[in-house]
Amino acid sequence: MPQQQKLSAMSKCEQCIVREFSALKALNKDELIRMSECKTAKTIKKGAVIFEEGQHVNGVFCIKDGVCKMTKLSPNGKEQIVKLVKKGELLGQRSMISDEPANLSAVALEDMQVCFVPKSDLIGFFNQNNKFSMNMMKSICGDLKDADDLMVDMALKTVKERLAHTLIYLADTLGTNPDQTLKLQLSREELASMIGTATESCIRLLSEFKKLGYIELSGKNISISNKKALQAVANH
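Residues numbered from 1 in each chain as written. Predicted model: local features only at pLDDT ≥ 70, side-chain atom pairs only at ≥ 80, totals over all residues. Heavy atoms only, no water.

1. Looking at the overall build of the protein chain
- Looking only at helices and strands, the protein chain has nine helices and 11 strands in total.
- Relative to the compact-globule value of 18 Å for 236 residues, the protein chain shows a C-alpha radius of gyration of 19 Å, a close match.
- On the principal axes, the C-alpha backbone points of the protein chain span a range of 55 × 40 × 30 Å.
- Residues classed as buried in the protein chain amount to 45% of the 236 residues present.
- A separation threshold of at least 6 residues defines the contact pool for the protein chain, and within that pool the share at least 24 residues apart is 70%.
- For the protein chain, the distance from the average site of its 33 positive side-chain charges to the average site of its 28 negative ones is 3 Å. (Helix = DSSP H or I, 4+ residues; strand = E, 2+ residues; numbered from the N terminus. Rg over C-alpha atoms; globule rule 2.2 N^0.38 Å. Buried < 20%, exposed > 50% of the residue type's maximum accessible area, 1.4 Å probe, protein only. Contact = heavy atoms within 4.5 Å. Lys, Arg positive; Asp, Glu negative; His and termini not counted. Charge placed at Lys NZ, Arg CZ, Asp CG, Glu CD.)

Now the structure itself:
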């Protein structure tokens, strides 16, 4: 596991935002207090690897703040961004339950605050709380649905449609700054990896969207100027 700095103040699980948006909401107060005692809080710097494809995770990461990318390496070594995981979500649950190595790598896209709960402790909650177990399974099923949707999009949508959809997703899901630029700043390479195209093609399409008045570009920053038109492209 990469070097990570332990947070000086250990937050209480019963007061944590992750509990409201994940399988942890099924745990009662006593169970959350027990989880607080067994978890490890960490700060992960931008660009750091949380875990790698093929690694045994042996627990679950709860994302308290920040965003990471889930990536898959193709046989030729090209990285494909499969999913973005944000504040309030969990990482590593599929690998933990299946007892298999991680199928994807997780890399921080910005400075993150996470808590790691070991598998040995989580299994106890599984055995004692059926609702928690069911919620975790539903979360994994949701991940599988996302994977299916991505596969269909890659097969049926054009690169232009995928880029439009991704820009709207980034704005709606991860938010914008006061100047309306996308809050999560992705490199052109990362954006290309999300839509499954070459970086040059992504740059060319961004320039086309700018000329059409759909977006504004300022260095790495992107802002959406005409969301309705961009949505029409995404849903073409």
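More follows now that the structure is in view.
2. Description of the pattern of salt bridges
- By the definition in use, this model includes 10 salt bridges.
- Of the charged contacts, one joins Glu 100 and Arg 94 as a salt bridge, the two residues approaching to 3.5 Å between their closest N and O atoms.
- Judged by relative accessible area, which is 40%, Glu 100 ranks as partly exposed.
- In this structure Arg 94 comes out as partly exposed when scored by relative accessible area, which is 32%.
- With a closest N to O distance of 3.1 Å, Lys 119 and Asp 99 form a salt bridge. In this pair, Lys 119 sits in helix α4 (residues 119-128) while Asp 99 sits in the loop between α3 (93-98) and β8 (105-108), placing the two residues 20 residues apart along the sequence.
- What makes Asp 99 partly exposed here is its relative accessible area of 49%.
- Via salt bridges that share partners, Lys 69, Glu 79 and Glu 190 belong to a single interconnected network. (Salt bridge = Lys/Arg side-chain N within 4 Å of Asp/Glu carboxyl O.)

3. Looking at the nonpolar core
- Counting 29 residues, the largest nonpolar core has Leu 84, Leu 163, Leu 167, Leu 191 and Phe 209 as the members making the most contacts within it.
- Of all the secondary-structure elements, those providing two or more residues to this core are β6 (79-85), α6 (159-174), α7 (188-195), α8 (199-211) and α9 (227-234).
- With seven residues, the top contributor of residues to this core is α6.
- When residues of this core are sorted by domain, at least three fall in each of domain 1 (13-139) and domain 2 (156-235).
- If sequence neighbours within four positions are ignored, Phe 209 has contacts with Lys 160, Leu 163, Ala 164, Leu 167, Tyr 214, Ile 215, Leu 230 and Val 233.
- By size, the runner-up hydrophobic cluster in this structure holds 20 residues, among which are Leu 27, Met 35, Cys 62 and Leu 122. (Core = buried A, V, L, I, M, F, W, Y, C linked by side-chain atoms within 4.5 Å. Domains from an automatic or database assignment.)

4. Description of the UniProt feature "domain: Cyclic nucleotide-binding" (unreviewed entry) in the protein chain
- In the numbering used here, UniProt assigns the "domain: Cyclic nucleotide-binding" (unreviewed entry) feature to residues 23-114.
- Here residues 23-114 is 17% helix and 40% strand, with 16 Å between the C-alpha atoms at its ends. (UniProt positions renumbered as here; feature names shortened; annotations may be inferred.)

5. Describing α7
- α7 sits mainly inside the fold: seven of its eight residues count as buried.
- Restricting attention to buried positions, one finds in α7 the residues Arg 188, Glu 190, Leu 191, Ala 192, Ser 193, Met 194 and Ile 195.
- Downstream of α7 by a residue or two, Gly 196 has a phi angle that is positive, lying close to 70°.

6. Regarding the domain arrangement of the protein chain
- With domains assigned, the protein chain is organised as domain 1 (13-139) and domain 2 (156-235).
- For domain 1 versus domain 2, the separation of C-alpha centres amounts to 28 Å.
- At the interface, 10 residues of domain 1 touch 11 residues of domain 2.
- Summing the contributions of domain 1 and of domain 2, the shared interface buries around 910 Å²; its carbon and sulfur component is 60%.
- Along the contact surface separating domain 1 from domain 2 lie one salt bridge.
- Ionic pairing is found between Glu 190 and Lys 69, a salt bridge with its closest N-O pair at 3.3 Å.
- Inspection of the domain 1/domain 2 interface yields four residue pairs in polar contact (both at pLDDT 80 or more).
- Per-element tally for the side of domain 1 that touches domain 2: the top contributor is β6, with four residues.
- Partitioning the side of domain 1 that touches domain 2 into residue classes produces four nonpolar, one polar and five charged. (Buried area = accessible area lost by both parts, 1.4 Å probe. Polar contact = N/O pair within 3.5 Å; in protein donor to acceptor, adjacent residues only side chain to side chain. Nonpolar A, V, L, I, M, F, W, Y, C, P; charged D, E, K, R; others polar.)

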